[in-house]
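Coordinates in review
Below, each chain spelled out in residue letters.
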Amino acid sequence: MKKEILSYLPEQCQWREHLHWYESISSTNDLAKKMANEGAPHGTVLIAGHQTGGRGRLGRSFSSPAGMGVYLSVILRPECGPEKLMHLTCACAVAMCNAVENALAFRPSVKWINDLVYEKKKLGGILTELSASSEKTDYAIVGIGINCRQTQQDFPAEIRDIATSSEMITGKPCDLAFLCASMICALWQMDQTLLCKKEEMMNLYRKDCITLGQPIKFLQDTHVQYGTAVDIDADGALIVSDQNGILRTVSSGEVSVRGMYGYI
Ligand code: BTN
């Protein structure tokens, strides 16, 4: 698998040199963190064929059955303070829409802030984790999982109605190695302009984000609140007009956003 992935990556991509493939591990994000703490360099890529403890945002699990999806994490060491990286998840989301479009010939959308979706169902997700002091970023881990080969029955019962896979969408077999290489390449390109093209990236994110303009409910400190998503600010926070027409800024850390009538 590693050889195949490398065969699709351009020679100029320096991340080729630090690419690790694992048949089965708990979570590529967890192992990436351990490796980053032990000094692994910027651009270290970890890919797993299977995760036994795949994680998502807000402490949720991410179903990662063997050979059914792409599960990967990258260690980034951007030379800036953490306040300059607030848009990282959004930038990765746009990169992943580009990667899927390039490899699979359809473009997913993004449900704010980190879900890749297609026709109102979840195709994959992004989990960004940061280790930083107030002025310096030690590392960021960007973890992405994309469902590829599942049929509806392959998903755990609790997500069966809201999950999809690339094969369910296209009806064609998915080349996991090619998709994986396309994702690595898109992340590598994103990394080159992450700090200098923030505004452009956020404009692209707004275009891909289907949450904008939607009536939503969001859970904040166990309170359900209602509103309409009207914009996304420069750092990726959602601007919501509440029931009284008052604008509120909702940041991704603590809220779960749902459409009024379901997952989207
Ligand atoms: C989400 O759905 O909230 C995000 C899902 C992120 C899943 C990926 S799979 C590779 C990496 N390792 C993990 O444990 N999680 C991310």
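Not measured: the values here are computed from a predicted model.

1. Some thoughts on the sheet that holds strand E5 (residues 115-118)
Spatially, E1-E2-E3-E7-E6-E5-E4 is the arrangement adopted by the 7 strands of the open sheet, whose pairing is mixed. Each of the sheet's edge strands pairs with one partner strand only, and the pair in question is strand E1 (19-22) and strand E4 (109-111). Between one strand axis and the next, the sheet turns by 20° as a mean value, whatever way the strands run. Relative to strand E7 (residues 137-147), strand E3 (residues 69-76) runs antiparallel, the two sharing 8 bridges. Within E7, the residue paired with Leu72 across the bridge is Ile144. Where helix H5 (residues 176-193) meets the sheet, it contacts E1, strand E2 (44-48), E3 and E7, and its direction lies at approximately 25° from that of E3.

2. With respect to the pairing of strand E10 (residues 238-242)
Extensive coverage of E10 is indicated by the burial of 5 of its 5 residues. Of the two faces of E10, the one carrying Leu238, Val240 and Asp242 and the one carrying Ile239 and Ser241 are both buried. Inspection of the sheet shows strand E9 (residues 223-232) paired to E10 by 5 bridges, in the antiparallel sense. Along E10, the bridge assignment pairs Asp231 with Ile239. Hairpin connection from E9 to E10: 5 residues lie between these consecutive antiparallel strands, with Gly236 at a positive phi of about 95°. Relative to strand E11 (residues 247-250), E10 runs antiparallel, the two being bridged by 4 bridges. If you follow Val240 over to E11, its bridge partner there is Arg248. Connecting the antiparallel pair E10 and E11 is a turn made up of 4 residues, with Gly245 showing a positive phi of about 80°.

3. A closer look at the packing of aromatic side chains
This structure, assessed with the given rule, holds 2 aromatic pairs. Between the aromatic rings of Tyr8 and Phe178, the centroid separation amounts to 5.0 Å while the plane-to-plane angle is 75°, which identifies the pairing as edge-to-face. With Tyr8 in helix H1 (residues 2-8) and Phe178 in helix H5, the pair connects residues that are 170 residues apart, well separated along the chain. A relative accessible area of 35% places Tyr8 in the partly exposed class. Relative to Tyr118, the ring of Phe106 lies with its centre 4.9 Å away and its plane at 65°, an arrangement referred to as edge-to-face. With Phe106 in the loop between helix H3 (88-104) and E4 and Tyr118 in strand E5, this pair connects stretches of sequence that are 12 residues apart. Judged by relative accessible area, which is 7%, Phe106 ranks as buried. For Tyr118, a relative accessible area of 24% gives the class partly exposed.

Definitions and limits used
Residues numbered from 1 in each chain as written. Predicted model: local features only at pLDDT ≥ 70, side-chain atom pairs only at ≥ 80, totals over all residues. Heavy atoms only, no water. Pairing = 2+ DSSP bridges. Helix = DSSP H or I, 4+ residues; strand = E, 2+ residues; numbered from the N terminus. Axes fitted to C-alpha atoms, helices over the stretch in contact; angles between N-to-C directions. Contact = heavy atoms within 4.5 Å. Buried < 20%, exposed > 50% of the residue type's maximum accessible area, 1.4 Å probe, protein only. Phe/Tyr/Trp six-rings, centres within 6.5 Å; stacked < 30°, edge-to-face > 60°.

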